[in-house]
Amino acid sequence: MQPVKCSAEVIDIRVLTHDVKEISLRMIDPPQLEFTAGQYISIEVTEMKDGHPRQNNRPYSIASSPEEKEIITLCVNLVKGGPGSTQIHSLQMGDKLKFLYPLGYFTVKEAATSLLFVATGTGIAPIKSMIVHLLRSGSRRPMTLYWGLRSEIDLYYQEAFTSLAKEYPFFKYCVTLSRPTDAWTGLRGRVTTLLPGLIQTVENLEAYLCGNGEMIKEVRTLLIEKGMPRKSVHYEKFY
Ligand SMILES: Cc1cc2nc3c(=O)[nH]c(=O)nc-3n(C[C@H](O)[C@H](O)[C@H](O)COP(=O)(O)OP(=O)(O)OC[C@H]3O[C@@H](n4cnc5c(N)ncnc54)[C@H](O)[C@@H]3O)c2cc1C
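Residues numbered from 1 in each chain as written. Predicted model: local features only at pLDDT ≥ 70, side-chain atom pairs only at ≥ 80, totals over all residues. Heavy atoms only, no water.

Chemist: It is not clear to me how the packing of aromatic side chains should be interpreted in this structure. Could you clarify?
Modeler: Geometrically, a pair of aromatic rings is defined through the distance of the ring centres and the angle of the planes. Here the structure, examined in full by the defined rule, presents nine aromatic pairs. Consider the rings of F161 and F171, whose centres lie 6.4 Å apart with planes at 50 degrees: the pair is tilted. Placement of F161 in helix α3 (residues 158-167) and of F171 in strand β9 (residues 171-177) is noted, with a sequence separation of 10 residues between them. Taking relative accessible area as the criterion, F171 reaches 1% and is therefore assigned buried. (Phe/Tyr/Trp six-rings, centres within 6.5 Å; stacked < 30°, edge-to-face > 60°. Helix = DSSP H or I, 4+ residues; strand = E, 2+ residues; numbered from the N terminus. Buried < 20%, exposed > 50% of the residue type's maximum accessible area, 1.4 Å probe, protein only.)

Chemist: I would appreciate a short explanation of the site of the ligand in the present structure.
Modeler: The full set close to the ligand counts 19 residues, and R58, P59, Y60, N77 and S85 are the nearest of them. Within the backbone of C75, an N or O atom sits 2.9 Å from a nitrogen atom of the ligand. Take P83: an N or O atom from its main chain is 3.4 Å from an oxygen atom of the ligand. Taken by itself the ligand offers 890 Å² of open surface, and the protein chains cover 74% of this. Only β4 (52-61), β5 (71-77), α1 (83-89) and β12 (233-237) provide two or more residues apiece to the shell around the ligand. Tallied by class, residues from the shell around the ligand come to 10 nonpolar, six polar and three charged. Each of domain 1 (4-103) and domain 2 (114-237) gives at least three residues to the shell around the ligand. (Near = heavy atom within 4 Å. Polar contact = N/O pair within 3.5 Å; in protein donor to acceptor, adjacent residues only side chain to side chain. Areas by Shrake-Rupley, 256 points an atom, 1.4 Å probe, with all protein chains shown as cover. Nonpolar A, V, L, I, M, F, W, Y, C, P; charged D, E, K, R; others polar. Domains from an automatic or database assignment.)

Chemist: Any chance you could explain the sheet that holds strand β6 (residues 96-103) here in plain terms?
Modeler: Across a sheet, paired strands are connected by hydrogen bonds in the backbone, their directions being either parallel or antiparallel. Read from one edge of the open sheet, six strands run β4-β3-β6-β1-β2-β5, paired in antiparallel fashion. The strands lining the two open edges of the sheet, one partner per strand, are β4 and β5. Neighbour-to-neighbour, the strand axes of this sheet turn through a mean angle of 45 degrees, independent of strand direction. (Pairing = 2+ DSSP bridges. Axes fitted to C-alpha atoms, helices over the stretch in contact; angles between N-to-C directions.)

Chemist: Just checking my understanding: could you explain the UniProt feature "domain: FAD-binding FR-type" (unreviewed entry) in the chain for this structure?
Modeler: The feature "domain: FAD-binding FR-type" (unreviewed entry), as annotated in UniProt, sits at residues 3-109 in this numbering. Taken as a whole, residues 3-109 contains 7% helix and 53% strand, while its terminal C-alpha atoms sit 21 Å from one another. (UniProt positions renumbered as here; feature names shortened; annotations may be inferred.)

Chemist: Sorry, what's going on with the domain arrangement of the chain here?
Modeler: The accessible area lost on association of the parts is a frequent measure of interface size. On domain assignment, one finds that the chain holds domain 1 (4-103) and domain 2 (114-237). Computed from C-alpha coordinates alone, the two centres of domain 1 and domain 2 are separated by 24 Å. With 22 residues of domain 1 at the interface, the matching set in domain 2 holds 15 residues. Roughly 1,400 Å² is buried in total at the junction of domain 1 and domain 2, and carbon and sulfur atoms are behind 57% of that figure. (Contact = heavy atoms within 4.5 Å. Buried area = accessible area lost by both parts, 1.4 Å probe.)

Chemist: Before we go on, may I ask you to explain the environment of R230 in this structure?
Modeler: As for its position among the elements, R230 is in the loop between α5 (213-225) and β12. R230 sits 24 residues away from E206 along the chain, and the two C-alpha atoms are 9.8 Å apart.

Structure representation (structure tokens):
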């Protein structure tokens, strides 16, 4: 399907951390958004070029699950001085947004394999959509999520993933902090440092990686070295 122009209205803004907001958008045109978990929208933003405002676009993954067609959510990290993320973080209730959709091929392939998800930062957005969709739609594929964040003040969605892991025993969830305080009793270190010791086998496994390019490169290399076929490592690089 060719990307089409859409519009939506901001109906909820949740401050998740000091630099991450979750924005809920109610679709206006079309009234319902048909998408596949993992896809993104491309939002029109205004940036300054040579002192003049210029229209540009920034991609943002849909964090909500595709069953929710009338309201979609985004999970956006504020990048200092970045026009796109600053514009999104400045949105107020009732503001209207224009964007293109549907975009992207970072979607879970149908197979009988186990699933490994690895995210850093807001790279969790498409992965949350995928996991919630798989679980709600009755998938019984064993899945593990490793999520790397910096410190305790960067934590969000913990309750959501912990509850899912309790409800669905075949879903395992681990968060690791690269710079925790001394009080942190959970996993410590970057996901890239921890994964070699945590992945026992890559047999019958498909991997979905999302976040910063360095993590993706390192984890991809690790998985391929462990014997995972290249085509089984899927990724979306945010930057
Ligand atoms: C397919 C796709 C989906 C994306 N989905 C999301 C999403 O769901 N949530 C989200 O927060 N971002 C997402 N991004 C990143 C987003 O599109 C922008 O790049 C980001 O918001 C920065 O845009 P900006 O205009 O504020 O800053 P820019 O001036 O465009 O970028 C400034 C610098 O910020 C760095 N940067 C970009 N993204 C991040 C980030 N998330 N954290 C830290 N540094 C960053 C880059 O190195 C870049 O050079 C996605 C990117 C892609 C390619």
